[in-house]
Amino acid sequence: MFTLSPQGYFTQDGQTLLPVGVNYWPASVGVEMWPAFPEEEIQQDLDLVKRLGLDTIRFFLRWQDFEPQAGVYNPKAFADLRRLLTWSQDRHLLLMPTLFVGYMSGGTFWPQFVKGKNLFTDPALLQRATALAAEVAKVLQGFPDIILAVDQGNELDCLPESWAASPAQIAHWSRTIADTVRRHCPGCLVMSGTDHNTVINDCPWQLSGNLGLDLLSMHGYPVPAWHPLAFDGLDDPLCQDLLPQYTRFARTFGPVMLQEFGSILTTGPYAQRYLETMLEGCFQAGANGFLWWCLHDVRAHVHPYIKNGFEATLGLVHADGTPKSGPDAFLRFARDIAARPRPNLQAPTTAVYIPAHYYRRDNPLNPGNQPNQVGPRAILAAHMLQRAGHDVRMVRGDLPLPDNLRHLLLPGVFLTETETMALTRYVQGGGNLYLHGIPAHSLSPALIRLLGAAPVNYRAPRAVTVQAFGQKFALHAYLENTLIEMQPTTGVVLARTETQLPALLENRLGAGRVRTAIGMVEQNLFTHDVAARDRFLPWYQHLLGE
């Protein structure tokens, strides 16, 4: 049986392990694995995984294959599941079965009795899902030495039904399924295979929600159109840092597995360089496992591959098992990773702030934060601080701030009064606080005292030039689309705009200080132009200095 260490890594029999492996469908049949179940091919694939130096396979149970009619199970599918488990046990391969596959490779797969209903809000469907989870868990409980964790479903957060449900309904569904799995497979770890939407959207699968999970998941791929942040190809430093920063963000809420990733383009030097940097970044961010999508290219001419042709090209190896050039970087990483010491995630003394009320849905206490705005800004802030030479972590406003924290950057967030008071104590105790953007709705008397400056005019937004740290910086974005003119009270002006508006202020408070920029600096970095982003590196290099 597997457990998680206090540091969030997998352990078995007292030994820490870092799983590295693949997501799996057979090349010949793809998602039609269970109806076809090509025995010889599957066993050869298990042997191939071992030869590649990998140890873990995530595989998928399409609901329609195991329960084609409500309450009627397919005995052949369950027998084939037992055979797959036995073959894997014989080869000492770890497994992660995924229970509910509605969304897969751009296609949606449900039994007929599920279609047209909402899995997460329909009580009758929850009963059926609970019953299937119980039947599968009864099979899995006979293989405790190889079931790394049970995955509730593949990217359930991408389903329209998920977005139509409330966070409370999603949490109820998730807890119910997780409790069912644990009841019938005691001690089993449970997760849900969600992707980066949980970080950069107001997703009902909330990282901070009571989902009843043991660990979190991160999926992501280097395709610009799939992300809110612009980047220019696999060799763009921001592209290489997105998955590490998503992981770092999620890691503040619990252990995180990089459960599904790839380079999409699996040949050529771009893929190699991307993987080398991205994998190292995710490791340093605390990822506790790495599963490539997917083992093989797929040669099956079935849905969804006939609609989404590129989905058949993402394999670690070609359909015939021969190696590819791009994923070599992952195989080298897999060979070396076991011997490497785990990173100390509490060591960095510089952090980016995640507000206490991050998600907005059904949360009347949220003072104005929107994940699709705050999340990308937090990721850009961490990325730029790291590129400027700082070791960075992320911290949450709903938790006590770490004792070793010296520098804390707030990239355009709205604060509650409770947060403002906590940040005031942090500064008085010797912490250094940096605000990018002034939140008008949060400008309480307590925040005005913290900033050492008061608003004297609300101006229309405009592009300004700021001379700071011996450089010129162009700023154009402001919180609430308002350029707030601030008048120092106990603070001083460090930099002004070309029209003499205060642009960067500093306030000394107790043993610490606060520096406030009127503009949302990170908003200037929403560009695929690497050179334009790099022009702000001096800001991040000097902002934290004396």
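Predicted model only: the values in this text are computed from it and were never measured.

## So, empty space enclosed by the protein
Next up, step 1: Overall, the coordinates contain three cavities of 30 Å³ or more when judged by the stated rule.
Next up, step 2: Estimates place the volume of the largest cavity at around 50 Å³.
Next up, step 3: As for the largest cavity, its lining consists of Ser-192, Thr-194, Thr-198, Trp-205, Gln-206, Leu-207, Leu-211, Leu-213, Leu-215, Leu-216 and Ser-217.
Next up, step 4: Broken down by class, the residue content of the lining of the largest cavity amounts to six nonpolar, five polar and no charged.

## Examining the environment of Ile-170
Next up, step 1: Locating Ile-170 in the fold gives a position in helix α7 (residues 167-184).
Next up, step 2: Non-local contacts of Ile-170, meaning those with residues more than four positions away in its chain, are made with Phe-120, Ser-162, Ala-165, Pro-204, Trp-205 and Leu-211.

## What to know about the packing of helix α2 (residues 39-51) against helix α4 (residues 75-90)
Next up, step 1: Where α2 meets α4, the closest approach of the two axes is 10 Å, and the angle between their N-to-C directions is 30°. The angle between α2 and α4 places the two elements in the roughly parallel class. Like other packed secondary-structure pairs, α2 and α4 cross with a definite hand, here right-handed. Residue-level inspection shows Glu-39, Ile-42, Gln-43 and Leu-46 of α2 in contact with α4, the latter providing Arg-83, Leu-84, Trp-87 and Ser-88.
Next up, step 2: Grouping the constituent residues of the contact of α2 with α4 by class yields four nonpolar, two polar and two charged.

## A short note on the sheet that holds strand β1 (residues 2-4)
Next up, step 1: Spatial ordering of the open sheet is given by β1-β2-β3, a layout of three strands whose pairing is antiparallel. Both outer strands of the open sheet, β1 and β3 (15-17), are each paired with one neighbouring strand and no more. The mean inter-strand angle of the sheet, taken between neighbouring strand axes irrespective of direction, is 40°.
Next up, step 2: Taken together, the three bridges between strand β2 (residues 10-12) and β3 define a ladder with antiparallel strand orientation. Residue pairing for β3: Phe-10 is matched across the bridge by Leu-17.

## Some words on helix α13 (residues 417-428)
Next up, step 1: Taking 1.5 Å as the rise per residue, α13 with 12 residues should run 16 Å; its terminal C-alpha atoms sit 16 Å apart, in good agreement.
Next up, step 2: Elements in contact with the buried residues of α13: β14 (350-354), β16 (407-411), β17 (432-436), α14 (445-451), β23 (502-509) and β24 (512-517).
Next up, step 3: At the C-terminal side of α13, Gly-430 shows a positive phi close to 115°.

## Structural notes on the pairing of β17
Next up, step 1: Most of β17 sits inside the fold, with five of its five residues counted as buried.
Next up, step 2: Of the two faces of β17, the one lined by Asn-432, Tyr-434 and His-436 and the one lined by Leu-433 and Leu-435 are each fully buried.
Next up, step 3: In this structure, β16 lies alongside β17, joined through five bridges in parallel fashion. Each residue of the ladder has a partner; that of Pro-411, found in β17, is His-436.
Next up, step 4: A crossover connection joins β16 to the parallel β17 through α13; in handedness this β-α-β unit is right-handed.
Next up, step 5: Here β17 pairs with β24 via five bridges, running parallel. By the bridge assignment for β24, Leu-433 is matched with Val-514.

## Quick notes on the sheet that holds β23
Next up, step 1: A sheet is described by the order of its strands in space; here seven strands give the open sequence β15-β14-β16-β17-β24-β23-β22, paired in mixed fashion. Both outer strands of the open sheet, β15 (392-396) and β22 (492-496), are each paired with one neighbouring strand and no more. Sheet twist, expressed as the average angle between the axes of neighbouring strands with direction ignored, equals 20°.
Next up, step 2: Here five bridges tie β14 to β15, and the two strands are oriented parallel to one another. By the bridge assignment for β15, Ala-351 is matched with Arg-393.
Next up, step 3: Taken strand by strand, helix α12 (residues 371-387) contacts β14, β15 and β16, and its axis lies near 150° from that of β15.

Reading the values: rules and limits
Counting restarts for each chain: residues are numbered from 1 in the order of the written sequence. The predicted origin of the model limits local features to residues at a pLDDT of at least 70 and limits the giving and counting of side-chain atom pairs to 80 or more, whereas totals for whole chains, interfaces and linings rest on all residues. Think of the side-chain values as coming from all heavy atoms in the structure, minus any hydrogens and water. Buriedness for pockets is judged along seven lines, at least five of which must meet protein on both sides within 12 Å for an open set on the 1 Å grid over protein atoms alone, while cavities are sets there where a 1.4 Å probe fits but cannot get out, and lining residues have an atom within 4 Å of a point. Grid points are joined across faces, edges and corners, and a volume is the space filled by probe spheres set on the points. In this classification, the charged set is Asp, Glu, Lys and Arg, the nonpolar set is Ala, Val, Leu, Ile, Met, Phe, Trp, Tyr, Cys and Pro, and all remaining amino acids, among them Gly, are polar. Labels follow the DSSP assignment, with helices taken as runs of H or I lasting at least four residues and strands as runs of E lasting at least two, numbered in each case from the N terminus. The contact rule is simple, with two residues in contact once any of their heavy atoms fall within 4.5 Å. Orientation is described by lines fitted to C-alpha atoms, with helices fitted over the stretch in contact, and by angles between N-to-C directions that extend from 0 to 180 degrees. Orientation is classified from the angle alone, with under 35 degrees giving roughly parallel, over 145 giving roughly antiparallel, 65 to 115 giving roughly perpendicular, and any other angle giving oblique. Two helices crossing with the near one rotated counterclockwise from the far one by less than a right angle form a left-handed crossing, whereas a clockwise rotation gives a right-handed crossing. Paired strands, as defined in this entry, are two strands with at least two bridges between them according to DSSP. Expected helix span is given by 1.5 Å per residue-to-residue step, counting one fewer step than there are residues. We call a residue buried when its accessible area falls under 20% of the maximum for its residue type, exposed when it is over 50%, and partly exposed in between, using a 1.4 Å probe and counting protein chains only. Crossovers are marked right-handed if the path from the first strand over the helix to the second runs clockwise, as seen with the strands pointing away from the viewer.

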